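# Observations on chain architecture
In case you want the letters, here they are:
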Amino acid sequence: MSTLAPLRLLREPSNASEGNQSNATVGASGGWCQGLDIPNELFLALGLVSLVENLLVVAAILKNRNLHSPTYYFICCLAVSDMLVSISNLAEMLFMLLLEHGVLVMRPSIIRHMDSVIDTLICSSVVSSLSFLGVIAVDRYITIFYALRYHSIMTLQRAVVTMASIWLASTVSSIVLITYYRSNTILLCLIVFFLFMLVLMLVLYIHMFALARHHLNSISSQQKPTTAHRGGSLKGAVTLTILLGVFFICWGPFFFHLILIVTCPTNPFCTCFFSYFNLFLILIICNSVIDPLIYAFRSQELRRTLREVVTCSW
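Summary of the structure given here. Computed from a predicted model, the values in this text were never measured in an experiment.

### Details of the pattern of salt bridges
Oppositely charged side chains may form a pair once their charged atoms are brought near each other. Within this structure, the stated rule accounts for 4 salt bridges. Here Lys63 makes a salt bridge to Glu308, at a shortest N to O gap of 2.8 Å. In this pair, Lys63 is assigned in helix H3 (residues 40-63) and Glu308 in helix H12 (residues 300-310), connecting sequence segments 245 residues apart. Residue Lys63 is classed as partly exposed on the basis of its relative accessible area, which comes to 23%. We classify Glu308 as partly exposed; its relative accessible area is 22%. A salt bridge links Arg304 to Glu301; the shortest N-O distance between them is 2.8 Å. Residue Arg304 and its partner Glu301 are located together in helix H12, separated by 3 residues, close to a single helical turn.

In structure tokens form, the structure reads like this:
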């Protein structure tokens, strides 16, 4: 049994017949084409760890009034997106185990409906995670380059509208994706969106790091101390760059999988790559596990609040 229902729909290209896929697999000799057999217990364990970690992040942000700002609200939404991955994984795992052991007996139509609900949750988390990473990068960019105007540009009202718009767009797009997941056009739209967000964030971070280097050069030449505000902003840029790198490593193989589905569904190499689908799913879940750890170690205020939450110091 594989996990993550919506991604399972994309395990193999729909325009390749079983005969072609079998021939391609045979033609691509070598044991590495057999893929990996990942135990379901690993999916379950990672899902539980991710759920607990992200719940702590959300609780810490809600608890500490110093973290009640647009930046941390966006980070909170990113944690909720990661929680969707965990909840969907755990829900499907429990759902499938109950069906396999005969504890839960349902009609095929109801099973398909439940599967679609889980599909929507996962796909919504994919789009929302990408979107909030982009929004956080833009927020950091405004903090650094428009520090004096930040509070007039990124008001609480605009932040709320941005978050609501992203969640609405993520839900609608996930429904469309689940409905037309066998269409190459839909897959291309998802791939283009992924690449667009990556390019956007890379451009912003390169510009921010260019400013950081110029600022350090100015300090060394003029011996002027940096401001705490500017130093904190640059530290935030480093944190988000780490987040981007982790996201790319964890989600990159899956999106490369989608690219191969569109471009070479019956090629022997592509067929071998498809056989490692469960590994891509593990990487996706690992992304939701790693993100909270980065928040805790990079943000001193959040780390202190997390410690208070764990020790119940309310």
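### Some thoughts on helix H4 (residues 70-100)
In an α-helix, one turn spans 3.6 residues; hence positions three or four apart end up facing the same way. The end-to-end C-alpha distance of H4 is 45 Å, a good match for the 45 Å that 31 residues give at a rise of 1.5 Å each. Positive backbone phi, approximately 75 degrees, marks Gly102, located one or two places after H4.

### A few points about the nonpolar core
Within the largest apolar cluster, 76 residues are counted, with the highest numbers of intra-cluster contacts made by Ile61, Phe74, Trp251, Phe254, Phe255 and Leu258. Sorting elements by how many residues they give to this core places helix H5 (residues 108-145) first, with 13 residues.

### Let's talk about the packing of aromatic side chains
How two aromatic rings sit relative to each other is given by the distance of their centres and the angle of their planes. One pass over the full model with this rule turns up 9 aromatic pairs. Judged by centre distance (3.9 Å) and plane angle (10 degrees), the rings of Phe194 and Phe255 are stacked. Here Phe194, found in helix H8 (residues 184-222), pairs with Phe255, found in helix H9 (residues 228-263); they are 61 residues apart in sequence, far enough to count as distant. Three or more aromatic residues link up through ring pairs in this structure, and these residues are Phe194, Trp251, Phe254 and Phe255.

### As for the side chain of Asn64
Inspection of the secondary structure assignment puts Asn64 in the loop between H3 and H4. A residue is classified by how much of its surface remains accessible, and Asn64, at 8% relative accessible area, is buried. Among the polar contacts listed, one links the side chain of Asn64 to the backbone nitrogen of Asn66, at a separation of 2.8 Å. Only 2.6 Å separates the side chain of Asn64 from the side chain of Glu301, close enough to count as a polar contact. The residues touching Asn64, leaving out its near neighbours within four places in the chain, are Glu301, Arg304 and Thr305.

### Considerations on the side chain of Ser50
Here Ser50 is to be found in helix H3. Overall, the relative accessible area of 0% leaves Ser50 in the buried class. Setting aside residues up to four positions removed in sequence, Ser50 forms contacts with Asp82, Ser86, Ser288 and Val289.

Conventions used here
Residues numbered from 1 in each chain as written. Predicted model: local features only at pLDDT ≥ 70, side-chain atom pairs only at ≥ 80, totals over all residues. Heavy atoms only, no water. Salt bridge = Lys/Arg side-chain N within 4 Å of Asp/Glu carboxyl O. Helix = DSSP H or I, 4+ residues; strand = E, 2+ residues; numbered from the N terminus. Buried < 20%, exposed > 50% of the residue type's maximum accessible area, 1.4 Å probe, protein only. Expected span 1.5 Å × (residues − 1). Core = buried A, V, L, I, M, F, W, Y, C linked by side-chain atoms within 4.5 Å. Phe/Tyr/Trp six-rings, centres within 6.5 Å; stacked < 30°, edge-to-face > 60°. Polar contact = N/O pair within 3.5 Å; in protein donor to acceptor, adjacent residues only side chain to side chain. Contact = heavy atoms within 4.5 Å.

Such coordinate-based values are descriptive only and should not be taken to indicate function.
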